[in-house]
Amino acid sequence: MRGNLFVSIARTARVLALLLVASWVAVAQTQGDITGVVTPPAANLVVIVTNQVTSKVTTATVSGDGGYSLRVHPGAYRLSVARPYRAKFDNAKTYGEHALIREDSLENVIVSEGKETKIDFAVEKIEAKPIVNIPERKPLGAAGKASVASAPQTQSDAREVRDRWRIGFPEYDRYGDKGARGRDIPFRKGRWFDPYNQSWLKGDYPIFGNEVFMILSAVSFTTTELSRTPKPSDVSSARPGSAEFFGKPEALAVNQIFQFTFELFHGDSTYKPRDWAIKISPTFSLPNYLDARETGVVNIDVRRGTNRTDTQFSLEEAFVEKKFEDVDRNFDFISARVGIQPFVSDFRGFIFSDNNLGARVFGSFNNNRYQYNAAYFAQLEKDTNSGLNRFDRRHQNVYVANIFRQDFIRKGYTIQASGLYNDDRRGRKFDRNGFLVRPALIGDVRPHAIKVGYLGVNGDGHIGRLNLTNSYYHVFGRDDQNPIAGRPVHVSSNMAAVEASVDHDYLRFRGSFFFAQGDQNPTDGKATGFDAIFDDPNFVGGQFSFWNRNGIRLTQTGVGLVQANSILPSLRSSKIEGQANFVNPGIFIYNGGVDVEVTQRLKAVFNVNYLRFHRTESLEYILFQPHIRHEIGWDYSLGVAYRPLLINNVTLTFGAATLKPGRGFRDIYTTATTDCPANLGEFCTTDNTVINPSKPLFNLFAQVKFVF
């Protein structure tokens, strides 16, 4: 048996060998050869043949006696040699019926199937000498120094450019007047201090090799704001004899922010995700100024007066980023980023929008149709007055995971599923102005922990002509000692938002609706009011809205009705330093607005909001005031954005907003028996229930932004 097996294996091997030989002979017969002798023989001389139809290149190194041989498919070929040698073909010699001598190459060398074409020729070595007096076309912009060295130019019609980002272009003035008529000049040269054209300081040219880029930038934000909101009078009022609950309501704030950014990254700078990156953004608040007209606003110590000037240094970005791999040929990828970084959990910033210390894994798949994030943030404390990061940790961890699906249902519409978890542990914190912010100074002031999760579905994009944004969140979990309820509570609440808009020429007509559930019974074991982790919503008017932009305090309590840059009436001590509170009144907001592109430089934004509380029981409970009605009022706002240079490097933004109080708002701040005594005639009307129309609630602001 064993012998028969060996015999079978031997026969099979012989058959396979015969088949391989036959195949090789068949392939050889479908090819031809170019052979010959090169004189004089030269070490490391390379013969090059190029198919004149397919441009396929085949090379061979000559032997010690000058012989060479190349096997190629039938066709017409161009024959030459590699530098630093040059082929010398004899014009008096015939190299073939169709062969043509083109300087140092031989064209139309015909190779036939199964035949040999013999070409003998001479070569000479070229002494490469740099060519001088050839004008060099410098690259556009402020390109800086070359990052990859290239060989000197030795041919008039060829030049090596290994630094592929700095390929030069000729100067060209389309209209021949050096731009005197204000027309564009293609291929315009730049300067290092010019942020509007290409520069090596802006990542347009590499600083090392062909893939290491640097970006240096600076931003200046100057914001001036004048507002009037209800202010409580303190135990030592700035005005002797003022009312029991109300002080002068006006305040002037000026905030100057300087941010400098250094970023270094490795990649192709365009369509391919970066391989790695390092970014750091030192940020300065110089200064932050507030001038109020009542004591106890700028500091709990009334001896500090009514104005304040302070400064703050922060790092708003300081992270490293590394790409693990490209997962397919379309550059879908997996990357990680660790450090202080910006992150917005959904399209409009409803739940979490912050620059904070964290670690994030992100990427895409299916041709970038899906994008995902998995993030963990160990929250840093915030500066009370500027809102910038401090360098000490607070006992709060935030976990976020989301996934986006582009072109869902229809092209142009993206859907997102999102999950968040807020682990805010107990602690005690006084802010820089001396006010207790954790726990909130209301009700039961024992430190407490909040552990809640959020599940949400969001959408953004367009379906045909209709621009659509929608959002829904459900929050659940536990607050182990809610200060208003005075007991542990189970959290279960909902939020919904939708915005639809239609574009017509230079107009965009918008309609929006926002709902956050309120709590019906503030003393039971269920908290059904909705609150976010760290929201910054761009919705129902955004920064231009009075309700969104202003923090409105509840007089004689340690909490606010609404926090600055929020639309939730959460009754928390502070959005940036306090804890979420789920025993709150909730809200309905109905919005209508129009965006007008007046010119390419000027945009106007008009908004009208109608606001109502969802439930008022929590307000009645903490204010000891029955029958608070639901109407907050009408919020009217106008915003103007002006870009004098047609780009975002210089932007001027102006806003004006006013709140016409409704019955519920008036119930909170003015009553006949308490808030309108005889000496408060300038603030209340004769019916003792309406805030005086001559003292409207308003907000005026101007912001100037410079970007280099």
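Everything below is about the structure printed above this text.
Here we summarise the structure given alongside this text. (Residues numbered from 1 in each chain as written. Predicted model: local features only at pLDDT ≥ 70, side-chain atom pairs only at ≥ 80, totals over all residues. Heavy atoms only, no water.)

Here we look at the environment of Pro84
Here Pro84 shows up in the loop between strand E5 (75-81) and strand E6 (85-88). In this structure, the C-alpha to C-alpha distance between Pro84 and Glu124, residues 40 residues apart in sequence, is 8.7 Å. (Helix = DSSP H or I, 4+ residues; strand = E, 2+ residues; numbered from the N terminus.)

Description of the pattern of salt bridges
A full pass over the atoms with the stated rule returns 35 salt bridges. Its salt-bridge partner being Asp383, residue Arg390 comes within 3.7 Å of it at the nearest N-O pair. Overall, the relative accessible area of 26% leaves Arg390 in the partly exposed class. On the accessibility criterion, Asp383 (1% relative accessible area) is buried. For Arg572, the salt bridge goes to Asp531, with nearest N and O atoms at 3.3 Å. In this pair, Arg572 sits in the loop between strand E28 (560-562) and strand E29 (587-597) while Asp531 sits in the loop between strand E26 (526-527) and helix H2 (546-549), placing the two residues 41 residues apart along the sequence. Like Asp531, Arg572 is buried. (Salt bridge = Lys/Arg side-chain N within 4 Å of Asp/Glu carboxyl O. Buried < 20%, exposed > 50% of the residue type's maximum accessible area, 1.4 Å probe, protein only.)

A short note on the nonpolar core
Core analysis: the largest hydrophobic core is formed by 60 residues, its most contacted members being Tyr454, Phe514 and Trp547. No other element matches the four residues that strand E24 (residues 487-504) contributes to this core. Residue contacts for Phe514: discarding those within four places in its chain leaves Phe350, Met495, Ala496, Ala497, Phe539, Ile567, Leu568, Ile587, Phe588 and Ile589. Counting residues in hydrophobic clusters, the runner-up holds 25 residues, among them Val38, Val81, Ile119 and Val123. (Core = buried A, V, L, I, M, F, W, Y, C linked by side-chain atoms within 4.5 Å. Contact = heavy atoms within 4.5 Å.)

So, unusual backbone geometry
Trans peptide bonds make up most of the peptide bonds, and negative phi angles are found at most residues other than glycine. Note that the residue after Thr39, namely Pro40, is joined by a cis bond; omega there is -15°. In this structure, Pro439 follows Arg438 across a cis peptide bond, with omega equal to -5°. The backbone of Asn368 shows a phi angle near 65°, a positive value even though the residue is not glycine. One can find Asn368 in the loop between strand E16 (353-365) and strand E17 (370-382). A residue is classified by how much of its surface remains accessible, and Asn368, at 37% relative accessible area, is partly exposed. Residues other than glycine seldom take positive phi values, yet Asp505 does so here, at roughly 55°. Relative to the helices and strands, Asp505 resides in the loop between E24 and strand E25 (507-516).

Considering the environment of Arg304
Residue placement: Arg304 occurs in the loop between strand E13 (276-292) and strand E14 (307-326). Each C-alpha atom, one on Arg304 and one on Asn433, is 9.8 Å from the other, the two residues being 129 residues apart in sequence.

Functional significance is not addressed by these values, which are geometric in nature.
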